[in-house]
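Residues per chain are reported as follows:
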Amino acid sequence: MPKKLLVTGAAGFIGANFVHYWLKQYSNDNIIALDALTYAGNMSNLDHVRDNKNLKFVHGNICDDELVEKLMREHDIDTIVHFAAESHVDRSITGPDAFLETNIIGTHALLKVAKKIWLDEGLKPEHRFHHVSTDEVYGSLNTDDPAFNESTAYAPNSPYSASKAASDHLVRAYHHTYGLKVTTSNCSNNYGPFHFPEKLIPLVITNILFNKALPIYGDGQQIRDWLYVEDHARGIDLVIQKGRLGECYNIGGINEWANIDIVNLVCKLMDEAFSNNTDLAHRFPEAKAAINNNCASLITYVKDRPGHDRRYAIDPTKAENELGYKPSESFETGIRKTLQWYLDNQEWWSKVMDGSYQDWIENQYN
Ligand code: NAD
Ligand code: DAU
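Now for a quick tour of the structure. (Residues numbered from 1 in each chain as written. Chains lettered and ligands numbered in written order. Predicted model: local features only at pLDDT ≥ 70, side-chain atom pairs only at ≥ 80, totals over all residues. Heavy atoms only, no water.)

1. Section: the side chain of His20
Thinking step 1. Position of His20 relative to the elements: it lies in helix H1 (residues 13–25).
Thinking step 2. With relative accessibility at 16%, the residue His20 sits in the buried group.
Thinking step 3. When near neighbours in sequence (up to four residues on either side) are disregarded, His20 contacts Asn45, Leu46, His48, Val49 and Phe194. (Helix = DSSP H or I, 4+ residues; strand = E, 2+ residues; numbered from the N terminus. Buried < 20%, exposed > 50% of the residue type's maximum accessible area, 1.4 Å probe, protein only. Contact = heavy atoms within 4.5 Å.)

2. A look at the site of ligand 2
Thinking step 1. The local shell around ligand 2 holds 24 residues, among which Thr134, Asp135, Tyr160, Arg305 and His308 are the closest.
Thinking step 2. One nitrogen or oxygen atom from the side chain of Thr134 is found 2.7 Å from an oxygen atom belonging to ligand 2.
Thinking step 3. One of the side-chain N or O atoms of Asn189 is found 2.7 Å from an oxygen atom in ligand 2.
Thinking step 4. Relative to its unbound accessible surface of 680 Å², ligand 2 loses 95% to contact with the protein.
Thinking step 5. Elements with a minimum of two residues in the shell around ligand 2: helix H6 (200–209) and strand S8 (214–217).
Thinking step 6. The leading source of residues in the shell around ligand 2 is S8, at 3 residues. (Near = heavy atom within 4 Å. Polar contact = N/O pair within 3.5 Å; in protein donor to acceptor, adjacent residues only side chain to side chain. Areas by Shrake-Rupley, 256 points an atom, 1.4 Å probe, with all protein chains shown as cover.)

3. Description of the pattern of salt bridges
Thinking step 1. Tallied over the full model, the rule gives 24 salt bridges.
Thinking step 2. A salt bridge links Asp90 to Arg305; the nearest nitrogen and oxygen atoms lie 2.7 Å apart. In this pair, Asp90 is assigned in helix H3 (residues 89–94) and Arg305 in the loop between strand S13 (299–302) and helix H11 (317–323), connecting sequence segments 215 residues apart. Here Asp90 matches Arg305 in class, with each residue buried.
Thinking step 3. Taking the shortest distance from any N to any O, the salt bridge between Lys268 and Glu272 comes out at 3.9 Å. (Salt bridge = Lys/Arg side-chain N within 4 Å of Asp/Glu carboxyl O.)

4. Regarding the packing of H6 against helix H12 (residues 331–344)
Thinking step 1. Two elements in contact, H6 and H12, have axes separated by 11 Å at closest approach and are oriented at 45°. It follows from the interaxial angle that H6 and H12 lie oblique. Here the hand of the crossing between H6 and H12 comes out right-handed. Judged by residue contacts, Ile201, Pro202, Ile205, Thr206 and Leu209 of H6 engage Ile335, Leu339, Tyr342 and Leu343 from H12.
Thinking step 2. The class makeup of the residues in the contact of H6 with H12 is 8 nonpolar, 1 polar and no charged. (Axes fitted to C-alpha atoms, helices over the stretch in contact; angles between N-to-C directions. Parallel < 35°, antiparallel > 145°, perpendicular 65-115°, else oblique. Left-handed = near helix turned anticlockwise from the far one by under 90°. Nonpolar A, V, L, I, M, F, W, Y, C, P; charged D, E, K, R; others polar.)

5. Here we look at unusual backbone geometry
Thinking step 1. If you check the backbone angles, Phe194 has positive phi at about 70° while not being a glycine.
Thinking step 2. With respect to the helices and strands, the residue Phe194 is situated in the loop between strand S7 (190–191) and H6.
Thinking step 3. The exposure class of Phe194 is buried, given its relative accessible area of 6%.
Thinking step 4. Despite not being glycine, Asn211 shows a phi value in the positive range, around 55°.

6. A short note on the pairing of strand S1 (residues 4–8)
Thinking step 1. In terms of burial, S1 is a largely internal element, 4 of the 5 residues being buried.
Thinking step 2. As judged from the 4 bridges shared by S1 and strand S4 (residues 79–82), these two strands associate in the parallel manner. Residue pairing across strands places Leu6 opposite Ile80, the latter belonging to S4. (Pairing = 2+ DSSP bridges.)

7. As for the side chain of Glu136
Thinking step 1. Mapped onto the elements, Glu136 comes out in the loop between strand S5 (128–134) and helix H5 (159–178).
Thinking step 2. Salt bridges are absent for the buried Glu136, whose nearest opposite-charge side chain, Arg224, sits at 5.2 Å.
Thinking step 3. Side chain to side chain, Glu136 and Tyr312 meet in a polar contact 3.2 Å long.
Thinking step 4. Setting aside residues no more than four positions away along its own chain, Glu136 makes contact with Val89, Pro156, Ser158, Tyr160, Ser161 and Tyr312. (Lys, Arg positive; Asp, Glu negative; His and termini not counted.)

8. Let's talk about the sheet that holds strand S6 (residues 182–187)
To summarise the sheet geometry, strands pair through backbone hydrogen bonds and adopt either a parallel or an antiparallel arrangement.
Thinking step 1. If you walk across this open sheet you meet the 7 strands as S3-S2-S1-S4-S5-S6-S11, and the pairing is parallel. On the outer flanks of this sheet lie strand S3 (55–59) and strand S11 (248–251), each paired with one strand and no other. Strand-to-strand, the axes of this sheet are offset by a mean angle of 20°, without reference to chain direction.
Thinking step 2. As defined by bridge partners, S5 adjoins S6 across 6 bridges and the pair is classed as parallel. Looking at S6, one finds that Val132 is bridged to Ser185.
Thinking step 3. In this fold helix H4 (residues 97–120) packs onto S1, S4 and S5, with an angle of close to 165° to the strand it touches most, S5.

Structure follows, in structure tokens:
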């Protein structure tokens, strides 16, 4: 039976990759892609699928419950996959309000409408509300601590992770109290195409191409567990198809890297790319360090992020055992594919990095 999905945050990094994945995988399903097009959302992320007759894009805010209700009724939605969020930790430190508004109030608006239509009016006994969350809700690990599993106590440390934790609790409460059919996935750091260049990996790639400093917060020894974005989409698919209602599933890459090591790796791969392809020096004449095979010379240690979490790591045993989940992209291939994607898609990142974004990021370090 084909599904009718409402995908929120569909013009963002993971939402857009998920839409690409889902339309390829399930060609009879229909998707309503709802996105407020904040600085992080870009219609160009959906360019490849814009002519797909099973996809309709709607520019709107998840906090607008009248709009959400209208869309759910008009399109007979049976599945919500909820990505929309303010997602950048640094922005949550300088301006938390938007995070509370979208991540908490917005999630609650969706839950209320879903409950009203699916449960109170009994219009869709078979429905699903899938909530996309993060491993950051579990807080920070020390070097020798075991990885986060689904029983790890919540201990969010930033306004971003606190707002995501609040939204996870609301989703859980709507299941426990009202019987809404929900699932939640808590994923580690994603990387891949369409990653907005304020996040570490695309920031480093694009800064090299502009010959700008590569800012390393604090000592650079913080650890993240990196997952190729399409593997996240596959994980969410498995949770939607096979996950138990009311349950949370941790999705990760079993791929822990210290930030400084990731940055050094990207520098090495960029040096190699410029050595192997002389055309790159013509296309990116500003990229002096890359042209001279010395990208690492751009590395600059800067003030640490306040409250910076030291280490995240995901224990994916539950998703492996219950859903048969395993990442399919190796880091070796995924990071090379990602670098190549940024080299091939200069138009995309030039377009998304407009003046306001550049001003914001530059003010951060001064
Ligand atoms: P992103 O910032 O790239 O995209 C977020 C999208 O949501 C944007 O298109 C934005 O326009 C849209 N949006 C923001 N506020 C909205 C609102 N009020 N109404 C409608 N749309 C709105 O984020 P992302 O990295 O793609 O993350 C997507 C989801 O996955 C988030 O919920 C995030 O917490 C979660 N997550 C992200 C990662 C990661 O590594 N990026 C890892 C785990 C979980
Ligand atoms: O773990 C999942 C989370 O991963 C998601 O929930 C968030 O939405 C997503 O933004 C990401 O959060 P991080 O804070 O881990 O990602 P970010 O790319 O901002 O930073 C990765 C690490 O690199 C982190 O330890 C901070 C550091 N960093 C980041 C930037 C932007 C630097 O050292 N320098 C930088 O310039």
